[in-house]
Amino acid sequence: NAGFTYLHEGFLQEDLGEFTLDRFPADDSWNSRSVFAQVQWDLPNGFYISGGVRYDRYSDFDSPLTGDFRVSYRYPYGNLTLFFKSATGYSIPQAFDIYGAFGNPFLKSEQSDGWELGLKQSLWEDRVQWSALYFHNYLTNLIEFPSVFTPGSTTENVGLAETSGVEFTLTSRPAE
């Protein structure tokens, strides 16, 4: 599949007196145009592969190319699937991050690279499903909201960050 999107975001902040914490009024907007494509292959013997790319053209930010790749293998017995995913991401600051009570007009966009590896299984005609995965993410320009207890602090980019962990899920659908 493939597609195109256009997004226009506007932000208007008027003088709200004491609630603006000495912030200025703002009337701003930005837009983006994006194209994306994804391909998926169901291969013989339980293998599945997919990959996608996305190009975003922002009016006020960089224009990144991001993507993802997934591969999985479903064992023929027991409805058990092993999967791997790798992806890149890009997230622009939100209007509140820039113009809000603790806003910073000099924020950079967040960028991420990550991967995950896991298992999932469906039991009893898909009435119960469980999964377990390990994930690891590298983030650049992570946007951090300031402590409300630090006078004069603003939202800021904290540079590099790394997250990792294990996630377990169990879902049940007892009836149709």
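These lines cover the structure that appears in this document, whether it is placed above or below. (Residues numbered from 1 in each chain as written. Predicted model: local features only at pLDDT ≥ 70, side-chain atom pairs only at ≥ 80, totals over all residues. Heavy atoms only, no water.)

## Overview of the overall build of the chain
The helix and strand tally for the chain stands at 1 helix and 10 strands. Seen in sequence order, the chain has helices and strands lined up from the N terminus as β-β-β-β-β-α-β-β-β-β-β. The globule rule puts the C-alpha radius of gyration for 176 residues at 16 Å, and the 21 Å found for the chain is more than 25% above it. Its C-alpha atoms put the chain at 65 × 35 × 35 Å along the principal axes. (Helix = DSSP H or I, 4+ residues; strand = E, 2+ residues; numbered from the N terminus. Rg over C-alpha atoms; globule rule 2.2 N^0.38 Å.)

## Looking at the packing of aromatic side chains
Within the structure shown, the criterion is met by 10 aromatic pairs. Taken together, a centroid distance of 6.3 Å and an interplanar angle of 15° make the contact between Phe96 and Phe145 stacked. Highlighted residues: Phe96 in helix α1 (residues 95-99) and Phe145 in the loop between β8 (143-144) and β9 (156-157), separated in sequence by 49 residues. Overall, Phe145 belongs to the partly exposed group, its relative accessible area being 44%. The rings of Trp30, Tyr58, Phe61 and Tyr90 are connected pair by pair, giving a single aromatic cluster. For the cation-ring pair, Lys120 lies above Phe83, with the distance from its terminal atom to the ring centre recorded as 5.6 Å. (Phe/Tyr/Trp six-rings, centres within 6.5 Å; stacked < 30°, edge-to-face > 60°. Buried < 20%, exposed > 50% of the residue type's maximum accessible area, 1.4 Å probe, protein only. Lys NZ or Arg CZ within 6 Å of the ring centre and 35° of its normal.)

## Describing the sheet that holds strand β2 (residues 26-42)
Strands sit in the order β1-β2-β3-β4-β5-β6-β7-β10 across an open sheet of 8 strands; the sheet is antiparallel. Two strands bound the open sheet, and with one partner strand each, they are β1 (2-13) and β10 (160-172). Taken over all neighbouring pairs, the strand axes of this sheet differ in orientation by 15° on average, direction set aside. Looking at chain direction, β2 and strand β3 (residues 47-58) are connected through 11 bridges and run antiparallel. Looking at the pairing, Phe36 lines up with Arg54 of β3. (Pairing = 2+ DSSP bridges. Axes fitted to C-alpha atoms, helices over the stretch in contact; angles between N-to-C directions.)

## Concerning the pattern of salt bridges
Following the criterion strictly, the structure yields 1 salt bridge and no others. Linking Asp56 and Arg54 is a salt bridge whose minimum nitrogen-to-oxygen distance equals 3.0 Å. Asp56 gets classed as buried once you look at its relative accessible area, which sits at 5%. (Salt bridge = Lys/Arg side-chain N within 4 Å of Asp/Glu carboxyl O.)

## Structural notes on the environment of Phe83
Among the secondary structure elements, Phe83 is positioned in strand β5 (residues 80-91). For Phe83 and Gln38, which are 45 residues apart along the polypeptide, the C-alpha to C-alpha distance reads 18 Å. Those residues in contact with Phe83 that sit more than four places away from it in its chain are Val71, Ser72, Glu116, Leu117, Gly118, Leu119, Lys120 and Leu133. (Contact = heavy atoms within 4.5 Å.)

## What about the pairing of β5?
Pairing analysis gives 7 bridges linking strand β4 (residues 65-74) to β5, with the strands arranged antiparallel. Residue pairing in the sheet places Arg70 in a bridge with Lys85 of β5. The hairpin turn running from β4 into β5, its antiparallel successor, is 5 residues long, and Gly78 in that turn takes a positive phi close to 90°. Relative to strand β6 (residues 110-123), β5 runs antiparallel, the two being bridged by 12 bridges. For Thr81, the partnering residue across the bridge sits in β6 and is Lys120.

## Details of the pairing of β4
In the sheet, β3 pairs with β4 via 9 bridges, with the strands oriented antiparallel. Of the residues in β4, the one forming a bridge with Gly52 is Asp68.

## What about the environment of Pro64?
Relative to the helices and strands, Pro64 is located in the loop between β3 and β4. Separated by 26 residues in sequence, Pro64 and Tyr90 place their C-alpha atoms 7.1 Å apart. Once you skip the residues sitting within four places of it in the chain, Pro64 turns out to touch Arg54, Tyr55, Asp56, Tyr58 and Tyr90.

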